[in-house]
Amino acid sequence: MWSILKREVKIYMKNPLFWLGVAIGVLIVFVNVSPYLKIHYLGEGETIVNDDPETYGDKDVFHGYVPTEEGLRREMWEERIRETLISVFEMDNEKAQSVIHEMKGMDIMAACAHLEGYGFDNAYYDYGATAIRKGTREEINSYIAGKLENRAFSYYFSRKFADFAGVFMGFFATILLSALFMQDTRKNTYELLHTKPVSAGKYLLGKAGGGFAVCLITLAVLNLIFFGICFIATRNRGFEVHLADFLLASVLYILPNMLMIVSVYSLISLVFKSPLPAVPLLFLYIVYSNMGSMNGEGIYGYYGRPLAIMVRFPGRFFDTAPPPMILLNQSFLILAAVCILFLSMQIWKRRRL
């Protein structure tokens with residue numbers, strides 16, 4: 001088993017295309033996470049200048065925005081509703097104000113349902129747009145300090161790293177591992193392998209272990225590079241950066257996905273005697289994993305999917321949170337991957353007979 005594993009790793013390590021892919025991955029991830037490296041405490045007289053609206057739902061703290069306090073958010077939302085009722089629904093100011101008065105005492109969802117009676121169907125979208133607002137220097141610094149009081153900067157940054165590195169690794173592994181069983185599934189080689197004394201367990205664990213080890217090496221390189229980038233970029237800002245945060249995020253949110261991809265390649269390669277049918281299947285699997293959905297309140301967003309091989313953190317930097325029950329999902333991924341590998345061994349034994 002170990003000889004097979006080492007051979008596969010050596011083959012990939014000697015291939016310049018592998019290192020080119022890693023370099024492309026570093027660039028892709030850096031482009032996506034680099035804006036978060038701009039986060040810092042604002043000095044005396046320093047401001048973040050932009051021409052964006054006072055409220056803008058997709059902006060983050062490095063754009064100069066902070067979360068809106070709940071009471072102020074309701075006031076800002078009601079003002080937006082009043083302006084829309086006047087400008088779009090052509091109500092006069094008195095009528096629009098009476099509609100706002102009717103919503104007093106209602107929670108947001110009930111108020112939105114009430115507005116639907118007037119034909120106002122996107123009121124919750126307006127509420128989402130008021131989630132953040134432009135902050136003063138003091139508000140921005142206070143917000144950052146509050147978030148970093150009990151957590152290191154790398155705790156948040158590692159989640160954004162895991163988000164984009166996980167997407168890259170999903171596509172990279174799908175392309176990279178298509179060659180894992182390519183040589184062995186050719187007719188002459190496939191038949192010859194079944195005459196060798198190597199057991200199904202040793203062969204498949206060696207091949208799958210080699211593919212997983214290559215993914216592990218790639219991810220280790222990315223971890224070290226981005227830990228270094230984060231450490232250097234923030235070393236003069238008073239932010240804590242720990243390598244353990246990067247490693248933990250990778251182990252929890254990326255490695256189980258890589259194991260699942262390797263196991264799918266093993267099964268498909270033995271069933272079809274070619275790894276190529278697995279490529280479109282895995283691309284569809286990635287699309288499925290990356291799709292948004294509706295939560296219990298009917299709000300569209302990314303909440304994760306059963307057995308997904310992508311874990312996304314699409315929220316604002318300091319407000320990112322794993323999808324619900326993600327640890328359970330990742331555990332099921334590992335269990336499913338082990339079952340698939342066991343099934344692959346049985347197919348190998350059956351073909352050998």
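It should be noted that the structure appears before, not after, this text.
For every chain, the first residue of the written sequence is number 1, and numbering continues from 1 onward in sequence order. At least 70 in pLDDT is required for a residue's local features to be given in this predicted model, at least 80 for side-chain atom pairs to be given and counted, and no such filter applies to totals for whole chains, interfaces and linings, which use all residues. Water and hydrogen atoms play no part in the side-chain values, which are based on all heavy atoms of the structure.

### A few points about the overall build of the protein
Next up, step 1: Runs of H or I in DSSP of at least four residues are treated as helices and runs of E of at least two as strands, each being numbered from the N terminus. Of regular secondary structure, the protein possesses 14 helices and four strands.
Next up, step 2: The size measure is the radius of gyration over C-alpha atoms, and the globule rule it meets is 2.2 Å times the number of residues to the 0.38 power. Relative to the globule expectation of 20 Å for 353 residues, the C-alpha radius of gyration of the protein, 26 Å, shows a markedly less compact shape.
Next up, step 3: Oriented by its inertia axes, the alpha-carbon framework of the protein measures out at about 90 × 50 × 30 Å.
Next up, step 4: Counting the 353 residues in the protein, one finds 46% classified as buried. Exposure categories follow from relative accessible area, calculated using a 1.4 Å probe and restricted to protein chains: below 20% of the type maximum is buried, above 50% is exposed, and the middle band is partly exposed.

### Describing unusual backbone geometry
Next up, step 1: Look at leucine 307: it is not a glycine, yet its phi comes out positive at around 60 degrees.
Next up, step 2: Residue position: leucine 307 is located in the loop between strand 4 (300–301) and helix 14 (326–352).
Next up, step 3: By relative accessible area, leucine 307 is classed as partly exposed at 34%.
Next up, step 4: Even without being a glycine, methionine 325 presents a positive backbone phi close to 55 degrees.
Next up, step 5: Take methionine 325: it is sitting in the loop between strand 4 and helix 14.

### Considering the pattern of salt bridges
Next up, step 1: Every case where a carboxyl oxygen of Asp or Glu lies within 4 Å of a side-chain nitrogen of Lys or Arg is listed as a salt bridge. On inspection of all chains with the given rule, the structure shows eleven salt bridges.
Next up, step 2: Among the salt bridges present, the one from arginine 312 reaches aspartate 163, with a minimum N-O distance of 2.3 Å. Here arginine 312 is found in the loop between strand 4 and helix 14, whereas its partner aspartate 163 is found in helix 8 (residues 153–176), with 149 residues between them in sequence. For the residue pair arginine 312 and aspartate 163, the accessibility class agrees, reading buried in each case.
Next up, step 3: Three or more residues joined by partner-sharing salt bridges are found here, namely Glu44, Arg137 and Glu138.

### Quick look at the environment of leucine 204
Next up, step 1: Within the element layout of this structure, leucine 204 appears in helix 10 (residues 200–234).
Next up, step 2: When the C-alpha atoms of leucine 204 and isoleucine 11 are compared, they prove to be 17 Å apart, with 193 residues separating the residues in sequence.

### Some points on the packing of helix 8 against helix 13 (residues 278–289)
Next up, step 1: Packing of helix 8 against helix 13 leaves a shortest axis separation of 10 Å and a crossing angle of 170 degrees. Classified by the angle their axes make, helix 8 and helix 13 are roughly antiparallel. Along the contact surface, helix 8 presents Gly170, Phe171, Thr174 and Ile175, while helix 13 presents Val279, Leu282, Phe283 and Ile286.
Next up, step 2: When residues are sorted by character, Ala, Val, Leu, Ile, Met, Phe, Trp, Tyr, Cys and Pro go into the nonpolar class, Asp, Glu, Lys and Arg into the charged class, and all the rest, Gly among them, into the polar class. Its residues placed into classes, the contact of helix 8 with helix 13 shows six nonpolar, two polar and no charged. Interaxial angle, 0 to 180 degrees, is taken between N-to-C directions of lines fitted to C-alpha atoms, where a helix line uses only the stretch in contact. Orientation categories follow fixed angle ranges, with anything under 35 degrees roughly parallel, anything over 145 roughly antiparallel, 65 to 115 roughly perpendicular, and all other angles oblique. Pairs of residues are marked as contacts when any of their non-hydrogen atoms sit within 4.5 Å.

### Quick word on the nonpolar core
Next up, step 1: The definition of a nonpolar core used throughout is a set of buried Ala, Val, Leu, Ile, Met, Phe, Trp, Tyr and Cys residues joined through side-chain atoms within 4.5 Å. Counting 82 residues, the largest nonpolar core has Ile39, Phe157, Met169, Leu177 and Phe318 as the members making the most contacts within it.
Next up, step 2: Looking at this core, the element that brings in the most residues is helix 8, giving 13 residues.
Next up, step 3: Once residues lying within four places of it in the same chain are set aside, the contact partners of leucine 177 are Tyr12, Gly211, Cys215, Ile261, Val262 and Tyr265.
Next up, step 4: Counting residues in each nonpolar core, the second largest holds 15 residues, with Ile81, Ala96, Ile100 and Ala123 among its members.

### Considering a nonpolar patch on the surface
Next up, step 1: On the surface, Leu307, Met325, Leu328, Phe332 and Leu335 cluster together into a nonpolar patch covering about 500 Å² of accessible area.
Next up, step 2: Here leucine 328 shows up in helix 14. Patch definition: residues with relative accessible area over 30% and no salt bridge; like charges joined within 9 Å; nonpolar side chains (Val, Leu, Ile, Met, Phe, Trp, Tyr) joined within 5 Å. In these tables, accessible area is a Shrake-Rupley quantity obtained with a 1.4 Å probe, and a residue counts as shielded only by the protein chains included in the view.

### Re the environment of isoleucine 254
Next up, step 1: Mapped onto the secondary structure, isoleucine 254 falls in the loop between helix 11 (243–253) and helix 12 (255–272).
Next up, step 2: Sequence separation between isoleucine 254 and cysteine 215 is 39 residues, and the spatial gap between their C-alpha atoms is 9.9 Å.
Next up, step 3: If near-sequence neighbours (up to four positions away) are discounted, isoleucine 254 is found in contact with Ala162, Ala165, Gly166, Met169, Leu219 and Ala249.

### Regarding the side chain of arginine 159
Next up, step 1: Note that arginine 159 resides in helix 8.
Next up, step 2: In this structure, arginine 159 is in contact with Tyr253, Phe313, Thr320, Ala321 and Pro322, ignoring residues within four places of it in sequence.

The quantities given are spatial measurements derived from coordinates; they are silent on function.
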